[in-house]
Amino acid sequence: ADDRPLWDVIVVDAGASGHSLQYLQMPSTAARTFRSGLVHRESERIAALLADAATTAVHVVVIPEDMPLTEGREILARLDGDLGLPVGAVYVNRVRPRAPDLASAAAEALMRVSPDDPDAAVARAVAATARRSLGWVALQEEKLERFQREMSIETVRLPHLTADHFGMAEIDVLAAVIGEDAGARR
């Protein structure tokens, strides 16, 4: 009624990156293929909308593992290169939290529990689990730092959430992080 859009933001959760990049390329390809007529005009309009950084941003989502980060590099290169589309944020999903400062020392202390201690087996099992977890976090941090350095881009970290059922509570956690990032970008 007041000529304002019905929605402030429309989010499209695209499928696999290869397919999504093809879909994003279709309007400009159709505009070049059809040199006149309705298909040409509509394709040009949609291609211009997608390329307009004032109205569109392509956000890239990766997880902190080798193959997804490599794919993220390729996606960003294509968006910035031949597709010429505006890149929004790079979200890193399922990020393990950084370990508390004394976590490594605590794991080492547990390994030093006397074999005569009745809880020695439990202490060693907890220490082994902690060491593995610390190793995964260190590996994750190394990969993310390298990705950010190579791409000259900051990332937004989404926490690794564990739940029997991924529901509204988990969505609210992720939405808060994304909303905070979006507010900082304005």
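The structure contained in this document is the topic of the report that follows. (Residues numbered from 1 in each chain as written. Predicted model: local features only at pLDDT ≥ 70, side-chain atom pairs only at ≥ 80, totals over all residues. Heavy atoms only, no water.)

Moving on: a nonpolar patch on the surface. Taken together, the side chains of Leu6, Trp7, Ile10 and Val12 present a nonpolar region at the surface, about 560 Å² in accessible area. Topologically, Leu6 is positioned in the segment before α1 (17-33). (Patch = residues over 30% accessible without salt bridge, like charges linked within 9 Å, V, L, I, M, F, W, Y side chains within 5 Å. Areas by Shrake-Rupley, 256 points an atom, 1.4 Å probe, with all protein chains shown as cover. Salt bridge = Lys/Arg side-chain N within 4 Å of Asp/Glu carboxyl O. Helix = DSSP H or I, 4+ residues; strand = E, 2+ residues; numbered from the N terminus.)

As a further point, take the pattern of salt bridges. Any two side chains of opposite charge can pair, given that their charged atoms come close. By the definition in use, this model includes nine salt bridges. Between Glu141 and Arg98 there is a salt bridge, and its shortest N-O distance comes to 3.1 Å. In this pair, Glu141 is assigned in helix α5 (residues 120-151) and Arg98 in the loop between β2 (87-95) and α4 (103-111), connecting sequence segments 43 residues apart. Judged by relative accessible area, which is 11%, Glu141 ranks as buried. In this structure Arg98 comes out as exposed when scored by relative accessible area, which is 56%. (Buried < 20%, exposed > 50% of the residue type's maximum accessible area, 1.4 Å probe, protein only.)

Along the chain, Glu145 turns up in helix α5. According to the relative accessible area criterion, Glu145 is partly exposed, its value standing at 47%. Counting along the chain gives ten residues from Glu145 to Thr155, while the straight-line C-alpha distance between them is 9.7 Å.

In this section: α5. Since the α-helix advances by 3.6 residues per turn, residues separated by three or four positions end up pointing in the same direction. With 32 residues, α5 should cover 46 Å at 1.5 Å per step; its first-to-last C-alpha distance of 46 Å lies within 8% of that length. Along α5, the positions that sit buried rather than exposed are Ala120, Ala123, Ala127, Val137, Gln140, Glu141, Lys143, Leu144, Phe147 and Gln148. On its buried side, α5 packs onto α3 (66-80), β2, α4 and β3 (156-159). Once α5 finishes, Ser152 follows within two positions and takes phi at roughly 50 degrees, a positive value. (Expected span 1.5 Å × (residues − 1). Contact = heavy atoms within 4.5 Å.)

The subject of this paragraph is the sheet that holds strand β1 (residues 58-62). Taken in spatial order, the three strands line up as β1-β2-β3 in an open sheet, and their pairing is parallel. Each edge of the open sheet carries a strand with a single partner, namely β1 and β3. Each neighbouring strand pair of the sheet contributes to a mean axis angle of 25 degrees, computed without reference to strand direction. Summarising the sheet, β2 and β3 pair through three bridges and their orientation is parallel. What sits directly across from Val95, in β3, is Pro159. Here α3 sits on the sheet and contacts β1 and β2; the angle it forms with β1, its principal contact strand, is near 165 degrees. Strands β2 and β3 of the sheet are contacted by α5, whose axis makes an angle of about 170 degrees with β2. (Pairing = 2+ DSSP bridges. Axes fitted to C-alpha atoms, helices over the stretch in contact; angles between N-to-C directions.)

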